[in-house]
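# Survey of secondary and tertiary structure
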Amino acid sequence: MKRSLGKVFLLITLFLQLPLFATTYEWSAQINKQKAFVNEAVYIRYTCAFSDRAELYSIEFNPSGEYEKFSVKSLQANESIVEGKKISSYEFLLFAKESGEIEIAFEALMKLTSKDSIEEMVIGRDNVKKEDAKKTVVKQEVFKVLIEETPSDLVGDFAVDVKKREPLLKAYEPYHLDITIKGEGNFERIEPFSYEIEGVKVFAGEAVSSQKLTKEAQSGVWSQKFAFVGEKSFTIPKKEIEYFSLKTKKVEKLVVDAVDVKVEGGFAKEELLDVVQKEGFSFDVSYLYYLLTFVAGFLVGKIKRKKSPQIKSGDAFSQKTKGAKSLDALMVLLVVEDALKYETLIKEIEQKKITSLASAKKIAQKLYNASSKKRGGTAL
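Just so we're clear, the structure is a prediction, and the values are computed from it rather than from any experiment.

Conventions we followed
Residues numbered from 1 in each chain as written. Predicted model: local features only at pLDDT ≥ 70, side-chain atom pairs only at ≥ 80, totals over all residues. Heavy atoms only, no water. Phe/Tyr/Trp six-rings, centres within 6.5 Å; stacked < 30°, edge-to-face > 60°. Helix = DSSP H or I, 4+ residues; strand = E, 2+ residues; numbered from the N terminus. Buried < 20%, exposed > 50% of the residue type's maximum accessible area, 1.4 Å probe, protein only. Pairing = 2+ DSSP bridges. Axes fitted to C-alpha atoms, helices over the stretch in contact; angles between N-to-C directions. Patch = residues over 30% accessible without salt bridge, like charges linked within 9 Å, V, L, I, M, F, W, Y side chains within 5 Å. Areas by Shrake-Rupley, 256 points an atom, 1.4 Å probe, with all protein chains shown as cover. Salt bridge = Lys/Arg side-chain N within 4 Å of Asp/Glu carboxyl O. Lys, Arg positive; Asp, Glu negative; His and termini not counted. Charge placed at Lys NZ, Arg CZ, Asp CG, Glu CD. Contact = heavy atoms within 4.5 Å. Polar contact = N/O pair within 3.5 Å; in protein donor to acceptor, adjacent residues only side chain to side chain.

### A few points about the packing of aromatic side chains
The full count for this structure, using the stated rule, is 22 aromatic pairs. Their ring planes at 90° and their centres at 5.2 Å tell us that F158 and Y243 sit as a pair that is edge-to-face. You can see F158 sitting in strand β12 (residues 155-164) and its partner Y243 sitting in strand β19 (residues 239-245), a full 85 residues away along the chain. With respect to class, F158 is no different from Y243; both count as buried.

Set out below in structure tokens:
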């Protein structure tokens, strides 16, 4: 392929202005601990400092993953130019899986764009068959860390917060209990709570957690919600979670105290089951928690209402919505009434797009009126 003078000049200028093959680099590494406990975070930082801007260099280095004796999580990777020199840094957290001495030895792949690939790019050569980059494997500094055994797989420092209502309620009225654990440690080791109480129906939400990595540890929040429904007074038993504290260097406990729930005389179970599910009725499972935990309050008000064949269904629906004392109670009412019809409104309340009870009631009434008109007027 014939070369143009312009492309040749461009190629020569490029080689003269960039000391392509004079670039040098130096790797360094640091670790924050020589001793650690099983499941304790160990911080490691690797840095590659170049002698210039190193435009033609790229690095492949990400040892994150599961290994036989430890796991590695990526904290962050940065690339910057300082005084005309490129600096690439990589930070990780390592968690040992077992006691004993572990050896940490990683490799990075340095890739330098070759002279031939530049020439092909600039002057359009099509007969270059060599690889377009020179690759060099760089072995990183080897670290050895002594890992000590712990009496618990859960390691870190945590605090528990329990939100609960007044333990006095009517029969079949739900008692709510929210458990939240905050702190630093391996949250994935926290097992969900479970309760079994004779004569009591227990509704347990899924455990939800979120974590973020810092140079010191993995911090986060873990939570789980419960609702207990019973006919007679009952006791929610005490629960404990053991963990190894990195501050005290001993086993500590997270304690959720027992709760004595007093149930006053309420209503017969048969009276609370006067809502018949429509054939083929279905709704999003995310509403189930609300249905189970708030339906009792709605139905308690419902059973006191005297049914009259002369009352229009529109008036009855209006009375129900006016009687709802909270957004949660209103959601249950809408689910029972017709989950499909009010699906959008229910989701907006659940997602906190609608936070005003009065506004929600108005929208519900409008939806009801609109559906009644489609049917040819308000049903009797």
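### Quick word on the sheet that holds strand β18 (residues 234-236)
Pairing is mixed across the open sheet formed by three strands, whose spatial order is β13-β21-β18. A strand with exactly one partner marks an edge of an open sheet, and here the two such strands are β13 (168-170) and β18. The sheet shows a mean angle of 35° between the axes of neighbouring strands, direction not considered. Direction of pairing for β18 relative to strand β21 (residues 259-264): antiparallel, over a ladder of three bridges. Each bridged residue has a counterpart across the sheet, and for F234 the counterpart in β21 is V261.

### Some words on a positive patch on the surface
Among the surface-exposed residues, K163, K182, K225 and K352 lie close enough to one another that they form a single positively charged patch. Residue position: K182 is located in strand β14 (residues 175-185).

### Thoughts on the environment of E66
Among the structural elements, E66 can be located in strand β5 (residues 65-66). As a C-alpha pair, E66 and L94 span 28 residues in sequence and 9.9 Å in three-dimensional space. The residues touching E66, leaving out its near neighbours within four places in the chain, are S71 and K97. A distance of 2.9 Å separates the side chain of E66 from the side chain of K97, its partner in a polar contact.

### A closer look at the pairing of strand β7 (residues 85-96)
Most of β7 is tucked away: 10 of the 12 residues are buried. Sheet analysis places strand β3 (residues 41-50) next to β7, joined by nine bridges and oriented antiparallel. Bridge pairing in β7 links Y46 to Y90. Note that strand β6 (residues 70-82) and β7 share 12 bridges and pair antiparallel. In the sheet register, V82 faces β7, and the bridge partner there is K85.

### Quick look at the sheet that holds strand β1 (residues 25-31)
With antiparallel pairing, five strands are arranged side by side in an open sheet as β1-β3-β7-β6-β5. If you trace the sheet from one side to the other, it starts and ends with β1 and β5, each paired once.

### Some points on the pattern of salt bridges
Under the criterion given, the structure shown has 10 salt bridges. Note that R45 is salt-bridged to E91, the shortest N-O span being 3.3 Å. Residue R45 is found in strand β3, and its partner E91 is found in strand β7; the two are separated by 46 residues along the sequence. A relative accessible area of 23% means that R45 is categorised as partly exposed. Using a relative accessible area of 2% as the deciding quantity, one classes E91 as buried. Where K347 meets E343, a salt bridge forms, and the shortest distance between an N and an O atom there is 3.3 Å.

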